[in-house]
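Per-entry structural report
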Amino acid sequence: MPAARIIPCLDVAGGRVVKGVRFAGHRDVGGIEEHTAFYVEQGADELVFYDISASPEGRSVDLSWIERVARLIDIPFSVAGGIRTRDQAAAVLAAGADKVSINSPALERPELIEELARDFGSQCVVVGIDSLREPDGYIVKQYTGSAAASRAAGRLTLEWAQEAAARGAGEIVLNCMAEDGVRHGYDVGHTRTVAESVPVPVIASGGAGAPEHFRDAFAAGASGALAATVFHDRLIPIPELKEYLASCGIAVRR
Amino acid sequence: MRLAVVDLGFGNLGSVAMAFERLGVVPEVTGEPERLAGADKVVLPGVGHAGYAMRQIKARGMAPLLRELKQPLLGICLGMQLLFERTEEEDVDCLGLLPGAVRRLEAAAGRPVPHMGWSPLEVADESIGLASGDHVYFAHSFACDDGTATVARADYGRPVPAVVRSGNLTGAQFHPERSSAPGRRFLQAWLAA
């Protein structure tokens, strides 16, 4: 069985790594190459680059940094943000990305998932889902990169995850919005429900703040755990996290 | 050494070529049969659908060339699957250079498909640059039959051949270009062999 994947997520804007409070502007924190090299050296199993400058304005991602990253590293990485068409995905993959991750564009036009899976294979196609707990259950949110545009997508998370997998998504990144950035832990129950309901790998996202949170996500059936703040702020060194997970009986790559 | 990467107009050509460049060998990425025939070693990469890939190979008149190559040929991921007789993916005939078929992995509780991530290997012959316990990166929904050509395997509900070798042919189901140090060692060993 594969090792539990630790996946740092880097926000990118204008070809730079940025950090900031969601919805409230971002600060440049350095070059993509230096951050990438740091995480590879730390033992990250995979990286996600989220081009936050791309999606809300309807632009696609800039390709030059993707090729620089692809040249630099020898672990897999995916690119999210601003991929709305088959040709944009083709360009991102041709630049050297291993996977493309689509979110709002898949909600606008679910056939996009099939088109990408047909041409590039399911293993290249990740569907990101922003899920919010409502009194009646978990619902999908759309355009979450912008406070003004963010809205309910009119779908239940579980149904959308199942539809995305049926249409050919090879992986689901389940981002639980209520937990995002607050570091109180992944929404373990929701992650378990989704992981048990789809045949494809599910990556937990949103809420990681302590090594125990990663342990709980993997125990709930997540194939990988994505986090940003705890890694960027150097709150949890990845080697120590993996050592902890191994001590809990979770298989890791070291 | 002249290293050629087969260009079928699809697949992870960039990242495979870059992996060799990191090892100091700049490959020629080409779809021209005569350039491939003249190379010292040839890499057949491929991410995508088997049916599409085989149609590209046939449309470009490359099937006879790939079948007749005498120099070392390395198939990566889908490129390895194409070396076998047949695949369940779109149910198409492949190159038929290795016996056996490529079959769909079945998802089960706690074992999602695609098989995605870093799986440990059991290695029968360390001359391929890999050792038992090495983790390498997989991303696939189909896997070839286990057979006498298998020299390294992973376990995913059934034995998953990770490296096959027969004559001039080597196949890697995993992605050496995205498998960190073990991937580098594997490519280095193949270049040096």
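Treat the numbers as computed from the prediction; the structure is a model and nothing was measured.

**Notes on the overall build of chain B**
For chain B, the helix and strand inventory stands at six helices and 14 strands. Scaling as 2.2 N^0.38, a compact globule of 193 residues should have a C-alpha radius of gyration of about 16 Å, and chain B matches this with 15 Å. Projected onto the principal axes, the alpha-carbon positions of chain B cover approximately 45 × 35 × 30 Å. Residues counted as buried form 60% of the 193 residues belonging to chain B.

**Re the sheet that holds strand β6 (residues 92-93) of chain B**
All names here are of chain B. Spatially, β6-β5-β7-β11 is the arrangement adopted by the four strands of the open sheet, whose pairing is mixed. The strands lining the two open edges of the sheet, one partner per strand, are β6 and β11 (142-144). For strand β5 (residues 86-87) and β6, the ladder comprises two bridges, and the chain directions are antiparallel. Its bridge partner lying in β6, Thr87 is registered against Val92.

**A closer look at the pairing of strand β7 (residues 101-104) of chain B**
Note that β5(B) and β7(B) share two bridges and pair parallel. Bridge pairing links B:Thr87 to B:Val102 in β7(B).

**Here's the deal with the sheet that holds strand β13 (residues 159-166) of chain B**
Residue and element names in this part refer to chain B. Taken in spatial order, the eight strands line up as β2-β1-β3-β4-β14-β13-β12-β9 in an open sheet, and their pairing is mixed. The two strands at the open ends of the sheet, each matched to only one other strand, are β2 (28-30) and β9 (122-123). Bridge analysis of strand β1 (residues 3-6) against strand β3 (residues 41-44) gives three bridges, and the strand direction is parallel. Across the sheet, residue Val5 finds its bridge partner in β3, namely Val43. Helix α1 (residues 13-22) contacts β1, β2, β3 and β4 (73-76) of the sheet and is inclined by roughly 165 degrees relative to β1.

**Quick word on the pattern of salt bridges**
Within this structure, the stated rule accounts for 32 salt bridges over all chains. A network of salt bridges, in which partner residues are shared, links A:Arg5, A:Glu46, A:Lys99 and A:Glu171.

**Considerations on the side chain of A:Glu171**
Note that A:Glu171 resides in strand β10 (residues 171-176). The class of A:Glu171 is buried, set by a relative accessible area of 2%. Within polar-contact distance, the side chain of A:Glu171 engages the side chain of A:Lys99 at 3.0 Å. Non-local contacts of A:Glu171, meaning those with residues more than four positions away in its chain, are made with A:Arg5, A:Glu46, A:Lys99, A:Val125, A:Val126, A:Val127, A:Val200, A:Pro201, A:Ile203 and B:Met116.

**Topic: the packing of aromatic side chains**
Taken as a whole and judged by the stated rule, the model has nine aromatic pairs over all chains. Relative to A:Phe231, the ring of A:Phe214 lies with its centre 5.8 Å away and its plane at 40 degrees, an arrangement referred to as tilted. Within this pair, whereas A:Phe214 is found in helix α8 (residues 211-219), its partner A:Phe231 is found in helix α9 (residues 229-232), the two being separated by 17 residues in sequence. Neither A:Phe214 nor A:Phe231 differs from the other in exposure class; each is buried. Members of the aromatic cluster, each reached through a chain of ring pairs, are A:Phe49, A:Trp65 and A:Phe77. Across from the ring centre of B:Trp118, 3.7 Å away, lies the NZ or CZ of A:Arg253, which sits over that ring.

**Looking at the packing of helix α2 (residues 64-72) of chain A against α1(B)**
The geometry of a pair of packed helices is captured by two quantities: the angle between their axes and the separation between those axes. Relative orientation of the contacting elements α2(A) and α1(B) amounts to 50 degrees, with a least axis distance of 8 Å. On the basis of the axis angle, α2(A) is oblique to α1(B). Here α2(A) contributes A:Glu67, A:Ala70, A:Arg71 and A:Leu72 to the contact with α1(B), which in turn contributes B:Met18, B:Glu21 and B:Arg22. For the contact of α2(A) with α1(B), the per-class residue count stands at three nonpolar, no polar and four charged.

**So, unusual backbone geometry**
Residue and element names in this part refer to chain B. Going from Val113 to Pro114, the amide bond is cis rather than trans, its omega being 10 degrees. Relative to the helices and strands, Pro114 resides in the loop between β7 and β8 (115-120). Although it is not a glycine, Cys77 adopts a positive phi angle of roughly 55 degrees. What makes Cys77 buried here is its relative accessible area of 5%. Residues other than glycine seldom take positive phi values, yet Ser180 does so here, at roughly 55 degrees. Within the fold, Ser180 resides in helix α6 (residues 180-192).

**A short note on the nonpolar core**
Grouped together as the largest cluster of nonpolar side chains are 73 residues, with contacts concentrated most on A:Leu47, A:Phe49, A:Phe77, A:Ile113, A:Val127, A:Phe214 and A:Phe231. Once residues within four sequence positions are removed from consideration, A:Phe77 is found in contact with A:Leu47, A:Phe49, A:Ile66, A:Val69, A:Ala70, A:Gly96, A:Ala97, A:Asp98, A:Lys99 and B:Arg178.

**Digging into the interface of chain B and chain A**
Facing 30 residues of chain B, the contacting portion of chain A comprises 34 residues. Regarding the contact of chain B and chain A, the summed buried area is about 2,600 Å², with carbon and sulfur atoms giving 56% of it. The largest contributions to the chain B side of the interface with chain A come from B:Met116, B:Trp118 and B:Arg178, which together make up 27% of the buried area. Where chain B touches chain A, the interface holds three salt bridges. A salt bridge links A:Arg71 to B:Glu21, with the shortest nitrogen-to-oxygen separation between them at 2.6 Å. Taken together, chain B and chain A are joined by 17 residue pairs in polar contact (both at pLDDT 80 or more).

Analysis parameters
Residues numbered from 1 in each chain as written. Chains lettered and ligands numbered in written order. Predicted model: local features only at pLDDT ≥ 70, side-chain atom pairs only at ≥ 80, totals over all residues. Heavy atoms only, no water. Helix = DSSP H or I, 4+ residues; strand = E, 2+ residues; numbered from the N terminus. Rg over C-alpha atoms; globule rule 2.2 N^0.38 Å. Buried < 20%, exposed > 50% of the residue type's maximum accessible area, 1.4 Å probe, protein only. Pairing = 2+ DSSP bridges. Contact = heavy atoms within 4.5 Å. Axes fitted to C-alpha atoms, helices over the stretch in contact; angles between N-to-C directions. Salt bridge = Lys/Arg side-chain N within 4 Å of Asp/Glu carboxyl O. Polar contact = N/O pair within 3.5 Å; in protein donor to acceptor, adjacent residues only side chain to side chain. Phe/Tyr/Trp six-rings, centres within 6.5 Å; stacked < 30°, edge-to-face > 60°. Lys NZ or Arg CZ within 6 Å of the ring centre and 35° of its normal. Parallel < 35°, antiparallel > 145°, perpendicular 65-115°, else oblique. Nonpolar A, V, L, I, M, F, W, Y, C, P; charged D, E, K, R; others polar. Core = buried A, V, L, I, M, F, W, Y, C linked by side-chain atoms within 4.5 Å. Buried area = accessible area lost by both parts, 1.4 Å probe.

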